[in-house]
There are 2 protein chains.
Amino acid sequence: MSKPRPIQLLPIFHIPEIRPGDDLPRILVAAAKKSKIAFRQNDILVLAQKIISKSENRLIDLTTITPSQRAIDLAAASDTDRRKDPRVVEVILRQSRRIVRDHPVLIVETHHGFVCANAGVDQSNIPRENIVSLLPQNPDASAKKIAQALRKLTRKKIAVIISDTFGRPWRLGLTNIAIGSYGVPPLRDLRGTHDQHGKPLHATIIATADELASAASLAMPKSAATPAVLIRNFIYQPSTAPATTIIRPPNLDLFR
Amino acid sequence: MSKPRPIQLLPIFHIPEIRPGDDLPRILVAAAKKSKIAFRQNDILVLAQKIISKSENRLIDLTTITPSQRAIDLAAASDTDRRKDPRVVEVILRQSRRIVRDHPVLIVETHHGFVCANAGVDQSNIPRENIVSLLPQNPDASAKKIAQALRKLTRKKIAVIISDTFGRPWRLGLTNIAIGSYGVPPLRDLRGTHDQHGKPLHATIIATADELASAASLAMPKSAATPAVLIRNFIYQPSTAPATTIIRPPNLDLFR
């Protein structure tokens, strides 16, 4: 067996502020070139959700939002030291299928099925006041579209993961996870395989796309303008399974 | 600002089967040398929990275990297609402070405070029959001890993370997380910082040690004998905070 090359995490610099309608694949290729990175076959490009949302105009002007009574009540019940804007709560409710917990943080199930705080509605890293960003409507479709455009532009098969930072029960801190993907297997099923002593590995399904997103996060400090990281030399079987397959079906979820 | 070097994930090969009492730091240094890896200042070494548990003799011979009535009842209630061994359940109960869910999987709070399936009691990757491994008694202390020994052996300051694969509510698949650490900050608090538009970043605490563990997992396929991965060129502020600080305090946990 030849020794595999070390996996590398390559941040792509020189990505300008993304605006609605921007041709993101073309911008990414130009930024990679400026960063002296040439795409290679089977590279995995991890993109922070925010630039996808901006390019897809998933932005809401809060001055156009009239909060419902429910949003006003939920905002009034939020902690006084960081009282929520009822208009933001209204946007969160519109992005949600169901509220999972409403105090002290608003944890919801989004229309995609993600369980997360505030439905991914976010005010950070947006240049204008009174604007919030939403998650992409269909992050898997966005990943596929970008991967296909990159293939045309670079003649290379490049997998794409769209990532966001989500909180977790039981453990503090956010970690980067995959909300959309194209090209990499979201889950790696090791159940058919054996451990090094020949015993079958039970219940060992690894959330590979989430681990790839977490790895990219190490090269993607939030405060810097590096919303894209290339992962090189990770060996995988190409897959078109969407990242939504990582969402635990509600009937198998003991904690919602 | 000078361009940072890409983060690299370097698997350490040539690690032999670890036995109780083995001098793990010395074995790791020898294996790294055989893998043609020279440790550098501020490298982060991620070690799979199993080799720590083996070296610390955290192994239980099931033939010495008499299950309690509670263990017998819990085993009898487990799924028929993968009925649990009452002796294994007994070991799990002894490692646990509290059962969080008992069906269809046994999710417990360990004496350390980790919430996980089966208290980390595991039968895979152990060469002998009827032996199960437990989590290290104090993974942070284990990480510190290994880091200090590596410092003496290599004259380099090397951070250590002890990792294990845990499941999660809401999302399928396991991801690698940090159950012990020494030298790296378990959590990175970005709340004092600002986003690229100068707006303060709210509620942005990143579980860096967990993300490092997940990254290492990409170079650590379970079925191969690569329980150690070196992470190079990740920039961090040295920290002696233990990985147990990532455990969400029960009074702040909405889901246990």
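All of these numbers come straight from a predicted model, not from anything done at the bench. (Residues numbered from 1 in each chain as written. Chains lettered and ligands numbered in written order. Predicted model: local features only at pLDDT ≥ 70, side-chain atom pairs only at ≥ 80, totals over all residues.)

**Quick word on the environment of aspartate 102 of chain A**
Residue and element names in this part refer to chain A.
Part 1 of the argument: Here aspartate 102 shows up in the loop between strand E4 (96–101) and strand E5 (107–110).
Part 2 of the argument: Take aspartate 102: there are 14 C-beta atoms within 10 Å of it, and that puts it in the partly exposed class.
Part 3 of the argument: The sequence separation of aspartate 102 and asparagine 118 amounts to 16 residues, and the corresponding C-alpha distance is 9.8 Å. (Helix = DSSP H or I, 4+ residues; strand = E, 2+ residues; numbered from the N terminus. Buried ≥ 20, exposed ≤ 12 C-beta atoms within 10 Å, placed from the backbone.)

**Focus: helix H1 (residues 24–34) of chain B**
All names here are of chain B.
Part 1 of the argument: Turning to H1, its buried residues are Leu24, Pro25, Leu28 and Ala32. All buried residues of H1 project into a common sector of 100° when viewed along the axis, lining one side. Within H1, the exposed residues directed more than 90 degrees away from the buried face are Arg26 and Lys34.
Part 2 of the argument: Those residues of H1 hidden inside the fold are in contact with helix H2 (49–55), helix H5 (139–154) and strand E12 (228–232).
Part 3 of the argument: Looking one or two places after H1, you find lysine 36, whose phi comes out positive at around 60°. (Arc of directions from axis to C-beta. Contact = placed C-beta atoms within 7 Å.)

**Describing the domain arrangement of chain A**
Residues and elements named next belong to chain A.
Part 1 of the argument: For chain A, the assigned domains are domain 1 (8–55 + 137–246) and domain 2 (59–133).
Part 2 of the argument: Computed over C-alpha atoms only, the centres of domain 1 and domain 2 are separated by 26 Å.
Part 3 of the argument: Taken together, the contact between domain 1 and domain 2 spans 10 residues of the former and 10 residues of the latter.
Part 4 of the argument: Every element with two or more residues in the side of domain 1 that touches domain 2 is listed here: helix H2 (49–55) and strand E8 (159–166).
Part 5 of the argument: Take the side of domain 1 that touches domain 2: its biggest share by element is three residues, from H2.
Part 6 of the argument: Of the residues contributing to the side of domain 1 that touches domain 2, the split by class is three nonpolar, three polar and four charged. (Domains from an automatic or database assignment. Nonpolar A, V, L, I, M, F, W, Y, C, P; charged D, E, K, R; others polar.)

**Observations regarding the sheet that holds strand E5 (residues 107–110) of chain B**
Residues and elements named next belong to chain B.
Part 1 of the argument: Spatially, the three strands line up as an open sheet ordered E4-E5-E6, and their pairing is antiparallel. At either end of the open sheet lies a strand with only one pairing partner, and these are strand E4 (96–101) and strand E6 (115–117). The mean angle between the axes of side-by-side strands here comes to 35°, regardless of whether they run parallel or antiparallel.
Part 2 of the argument: As paired elements, E5 and E6 share three bridges and run antiparallel to each other. Pairing of valine 108 across the sheet is with cysteine 116, part of E6. (Pairing = 2+ DSSP bridges. Axes fitted to C-alpha atoms, helices over the stretch in contact; angles between N-to-C directions.)

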